[in-house]
Amino acid sequence: MARFLGGRVELIRADITTLEVDAIVNAANSSLLGGGGVDGAIHRAAGPRLLEECRTLGGARPGEAKLTAGYDLPARHVIHAVGPVWRGGGADEDATLERAYRRSLELAARASLDSIAFPSISTGIYGFPLERATRIAHETARAWLEANEYPRLVVFCTFSERDLDVHEAVAAEVFGPPG
Ligand code: AR6
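Residues numbered from 1 in each chain as written. Predicted model: local features only at pLDDT ≥ 70, side-chain atom pairs only at ≥ 80, totals over all residues. Heavy atoms only, no water.

Asks: When you look at the packing of aromatic side chains in this model, what are you seeing that I'm missing?
Replies: To describe a pair of aromatic rings, you give the distance between the ring centres and the angle between the ring planes. Counting across every chain of the model gives 4 aromatic pairs. Plain terms: the ring middles of phenylalanine 4 and phenylalanine 175 are 5.8 Å apart, the flat faces sit at 35° to each other, and that makes the pair tilted. Separated by 171 residues along the polypeptide, phenylalanine 4 in strand E1 (residues 2-4) and phenylalanine 175 in helix H5 (residues 161-175) bring together distant segments of the chain. With respect to class, phenylalanine 4 is no different from phenylalanine 175; both count as buried. Both rings, one in tyrosine 101 and one in phenylalanine 118, keep their centres 4.8 Å apart while their planes meet at 45°; by these two values the pair is tilted. In this pair, tyrosine 101 sits in helix H3 (residues 93-110) while phenylalanine 118 sits in strand E6 (residues 115-118), placing the two residues 17 residues apart along the sequence. The exposure class assigned to tyrosine 101 is buried, which follows from its relative accessible area of 3%. Of the residues examined, phenylalanine 118 reaches a relative accessible area of 1% and is grouped as buried. By way of ring pairs, the aromatic residues Tyr101, Phe118 and Phe156 are connected into one cluster. (Phe/Tyr/Trp six-rings, centres within 6.5 Å; stacked < 30°, edge-to-face > 60°. Helix = DSSP H or I, 4+ residues; strand = E, 2+ residues; numbered from the N terminus. Buried < 20%, exposed > 50% of the residue type's maximum accessible area, 1.4 Å probe, protein only.)

Have a look at this one:
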């Protein structure tokens, strides 16, 4: 685990469904009704009541996010964020990904949540290049944390060793030295 920005940012390698944080973020699709990847893992771990609540939300466009309860998860809430599908970079993917992170942070702040954990949104099935996505994620978090008290802690939860390496390299550039 590595810490940055006076301890307000953490990089870890874990299964996000095991984290005891106030909210985990789901890399959802526009239906908000589940899917593969981390979305499938979160729905399996949260149990069927999560899908019941998601059915009431009316979906979300790319760049939007919606908050639900966490049900059987150790996390109290799930923030369902819809990232962009990578189409080569000319379809506003960067701005849409940035918005997905920012809206998630806004929801967490509005609910006065202390801690939020993000997966690497859009970098799996949606095909967004990992390093480019990681830079957007970290820069959006830095700007948010510098201007806002909540959430107090942002966790970037990577799933593979390679992803963690990329996050550590980008974090050193965006946040400066660990600590
Ligand atoms: N914990 C943490 N990270 C995980 C986990 C886990 N349990 N499982 C996968 N990842 P993806 P996307 C990582 O494909 O690219 C779904 O079908 C994974 O290694 O889950 O935004 C949705 O319904 C990768 O780094 O999400 C959408 O249709 C990251 O999570 C679509 O996939 C994101 O990969 C969204 O695609």
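Asks: For this particular structure, what's the right way to read the layout of surface pockets?
Replies: It is the rolling of a water-molecule-sized probe over the atoms that shows where space remains empty. Estimates place the volume of the largest pocket at around 590 Å³. If you trace the largest pocket, you find 27 residues lining it, with Ala27, Gly37, Val38, Ser120 and Gly124 closest to the centre. Elements supplying a minimum of two residues to the lining of the largest pocket: strand E3 (23-28), helix H1 (37-46), strand E7 (153-158) and H5. Of all the elements, H1 adds the most residues to the lining of the largest pocket, at 4 residues. A class-by-class count of the residues in the lining of the largest pocket yields 13 nonpolar, 10 polar and 4 charged. (1 Å grid on protein atoms, 1.4 Å probe; cavity = no way out; pocket = protein on both sides within 12 Å on 5 of 7 lines; lining within 4 Å. Points joined across faces, edges and corners; volume = space filled by probe spheres on them. Nonpolar A, V, L, I, M, F, W, Y, C, P; charged D, E, K, R; others polar.)

In short, the description is geometric, and any link to function would need to be established separately.
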